[in-house]
Amino acid sequence: MKIGITCYPTYGGSGIVATELGQELARRSHEVHFISSSLPLRLMELGDHIFYHEVEPMSYPLFEHVPYDLALATKTVDVVQTHGLDLLHVHYAIPHSISGYLAREMLRPRRLPIITTLHGTDITLVGRDHSYLSATRFGIRQSDGVTAVSEFLRKATLREFCSDCEIRTIPNFIDTQRVRRLASPELRARFAPHGEKVLVHLSNFRPLKRITDVIRVFERVQREIPAVLIMIGDGVERSNAQHLVRELGISSKVFFVGMVGMVESYLSVCDLMLLLSETESFGLAALEAMACEVPVVATDVGGLPELVSPGCNGHLYPLGDIDGMAQGALEILDDSNLKRFMKNARRCAVKSFSIDKIVPRYEDYYREVLQGEPCPCP
Ligand code: GMT
């Protein structure tokens, strides 16, 4: 198949999933065309089967805000016509499903099925806002196929956007061959030279990630056992978190390492991930951790219970239950438990979310949508 993929290239999990999907589809001999505002962050190499087309919206003094959505639709039309794409798969509803819809309409009578994958905040946050709600609903309804990255997100979309829509759950995935625990004693010794336990958090440090909760939980843990915390990522909440770390007097034990290229090398030296978000439709960071044998203490929200089985590969707590989370972390980190949790984390990642199990589900869905008759929805 010749597949167009549109995503946010630089920020957040949806772009990572789209990029990994495109790369795997190319390995499976499909021709993949990324259409995006810049080269997706994790898109390592282009080649015979992977192409990249940059959207370059013209700026003009009259435009206070450049109409990117229209430039994207126009670029999509060009790419479809030049390369003969069979379908377009857009990641994140706003504005990508609308740009896809526009491209499809501009291309008529040529057929271009649009598949929209919902990732989370496009439904739970942005899409709900009154300034985007109708457009999000329209984008979903007009798509020829819609997938959600968790059962939670599928249900939330049906409940809040269109109860009669057909939405397929295809969970996020991970290349468990590539993302695995790598032996790197030197890196571990850099953070934990005296055999401390290593906790980790990985996100884009937005307010909804509640990274100050992460710091507070860690502070309680390190009162009981020797421990350090690695904070991977960057974002608006970083300075608040750093301030709190100083206030709590734990600066020597918390390492803000910024964004890192190969997260698996850092995750490989960790014993426990803290993911304490307010909402999380899936929690790709938790899956990356699990693939590296890192159990997860998480909030009992969104799609996280679809990943984390309490007592098996981690624990779940109500949002803000700092004491409970610290207790759970200590239980997992106890030497009599840790090995079992680590083994289960990896086992669950491989069993339920490995790339070779999930990507064929997208391929099957593409075929299904391609076979279906184009159907203008009300
Ligand atoms: O929250 C982020 O980190 C960004 C956001 C995105 O769409 O780029 O992430 C969402 O999509 C990820 C990939 O499907 C999911 O793993 C995240 O859970 C989801 N974030 C939220 O729901 C808050």
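All of these numbers come straight from a predicted model, not from anything done at the bench.

(A) Summary view of the packing of helix H8 (residues 211-224) against helix H9 (residues 238-247). Running from amino to carboxyl end, H8 crosses H9 at an angle of 20 degrees, the nearest separation of the two axes being 9 Å. If you check the angle between H8 and H9, you find them roughly parallel. Where H8 crosses over H9, the handedness of that crossing is right-handed. Contacts between H8 and H9 involve Ile211, Thr212, Ile215 and Arg216 from the former and Arg238, Asn240, Ala241, Leu244 and Val245 from the latter. Tallied by class, the residues present in the contact of H8 with H9 amount to five nonpolar, two polar and two charged.

(B) View of empty space enclosed by the protein. One pass over the full model with this rule turns up one cavity of 30 Å³ or more. Looking at the largest cavity, its volume works out to about 80 Å³. Lining the largest cavity are Ile16, Val17, Glu20, Arg42, Phe173, Ile174, Asp175, Arg178, Val179, Leu284 and Glu288. Elements with a contribution of two residues or more to the lining of the largest cavity: helix H1 (13-27) and helix H11 (284-291). Per-element tally for the lining of the largest cavity: the top contributor is H1, with three residues. Among the residues forming the lining of the largest cavity, the class breakdown is six nonpolar, no polar and five charged.

(C) Spotlight on the pairing of strand E5 (residues 114-118). Burial analysis of E5 places five of its five residues in the buried class, the great majority of the element. Alignment of strand E4 (residues 87-91) against E5, held across four bridges, turns out to be parallel. Within E5, the position partnered with His91 by the bridge is Thr117. Pairing between E5 and strand E6 (residues 145-148): four bridges, direction parallel. Each residue of the ladder has a partner; that of Thr116, found in E6, is Val146.

(D) Layout of unusual backbone geometry. Cis peptide bonds are those with omega within 30 degrees of zero, and the linkage from Ile94 to Pro95 qualifies with -5 degrees. Along the chain, the position of Pro95 falls in the loop between E4 and helix H3 (96-107). Here the residue pair Arg108 and Pro109 is connected by a cis peptide bond, since its omega of 10 degrees sits within 30 degrees of zero. Secondary-structure assignment places Pro109 in the loop between H3 and E5. Unlike most non-glycine residues, Phe205 shows phi in positive territory, near 50 degrees. We note that Arg210 has phi near 50 degrees; this positive angle belongs to a residue other than glycine.

(E) Quick look at the site of the ligand. Not every one of the 21 residues close to the ligand is listed here, only the nearest: His119, Asn172, Arg206, Glu280 and Ser281. At 3.3 Å, a side-chain N or O of Lys209 approaches an oxygen atom of the ligand. For the shell around the ligand, the element with the highest residue contribution is H1, accounting for three residues.

(F) Representation of helix H14 (residues 355-371) within the structure. Between its first and last C-alpha atoms H14 spans 24 Å; for 17 residues at 1.5 Å apiece the expected length is 24 Å, and the two agree. When H14 is considered as a whole, its buried residues turn out to be Ile355, Ile358, Val359, Tyr362, Glu363, Tyr365, Tyr366 and Val369. The buried residues of H14 occupy one face: seen down the axis, they fall within an arc of 160 degrees.

(G) Seen up close, a positive patch on the surface. A cluster of basic residues, Lys343, Arg347, Lys351 and Lys357, forms a positive patch on the protein surface. Ranked by the residues each element gives to the positive patch, the list is headed by helix H13 (residues 338-353), at three residues. With respect to the secondary-structure elements, Lys351 resides in helix H13. On the basis of relative accessibility, which here comes to 55%, the residue Lys351 falls in the exposed class.

Definitions and limits used
Residues numbered from 1 in each chain as written. Predicted model: local features only at pLDDT ≥ 70, side-chain atom pairs only at ≥ 80, totals over all residues. Heavy atoms only, no water. Axes fitted to C-alpha atoms, helices over the stretch in contact; angles between N-to-C directions. Helix = DSSP H or I, 4+ residues; strand = E, 2+ residues; numbered from the N terminus. Parallel < 35°, antiparallel > 145°, perpendicular 65-115°, else oblique. Left-handed = near helix turned anticlockwise from the far one by under 90°. Contact = heavy atoms within 4.5 Å. Nonpolar A, V, L, I, M, F, W, Y, C, P; charged D, E, K, R; others polar. 1 Å grid on protein atoms, 1.4 Å probe; cavity = no way out; pocket = protein on both sides within 12 Å on 5 of 7 lines; lining within 4 Å. Points joined across faces, edges and corners; volume = space filled by probe spheres on them. Buried < 20%, exposed > 50% of the residue type's maximum accessible area, 1.4 Å probe, protein only. Pairing = 2+ DSSP bridges. Near = heavy atom within 4 Å. Polar contact = N/O pair within 3.5 Å; in protein donor to acceptor, adjacent residues only side chain to side chain. Expected span 1.5 Å × (residues − 1). Arc of directions from axis to C-beta. Patch = residues over 30% accessible without salt bridge, like charges linked within 9 Å, V, L, I, M, F, W, Y side chains within 5 Å. Areas by Shrake-Rupley, 256 points an atom, 1.4 Å probe, with all protein chains shown as cover. Salt bridge = Lys/Arg side-chain N within 4 Å of Asp/Glu carboxyl O. Lys, Arg positive; Asp, Glu negative; His and termini not counted. Charge placed at Lys NZ, Arg CZ, Asp CG, Glu CD.

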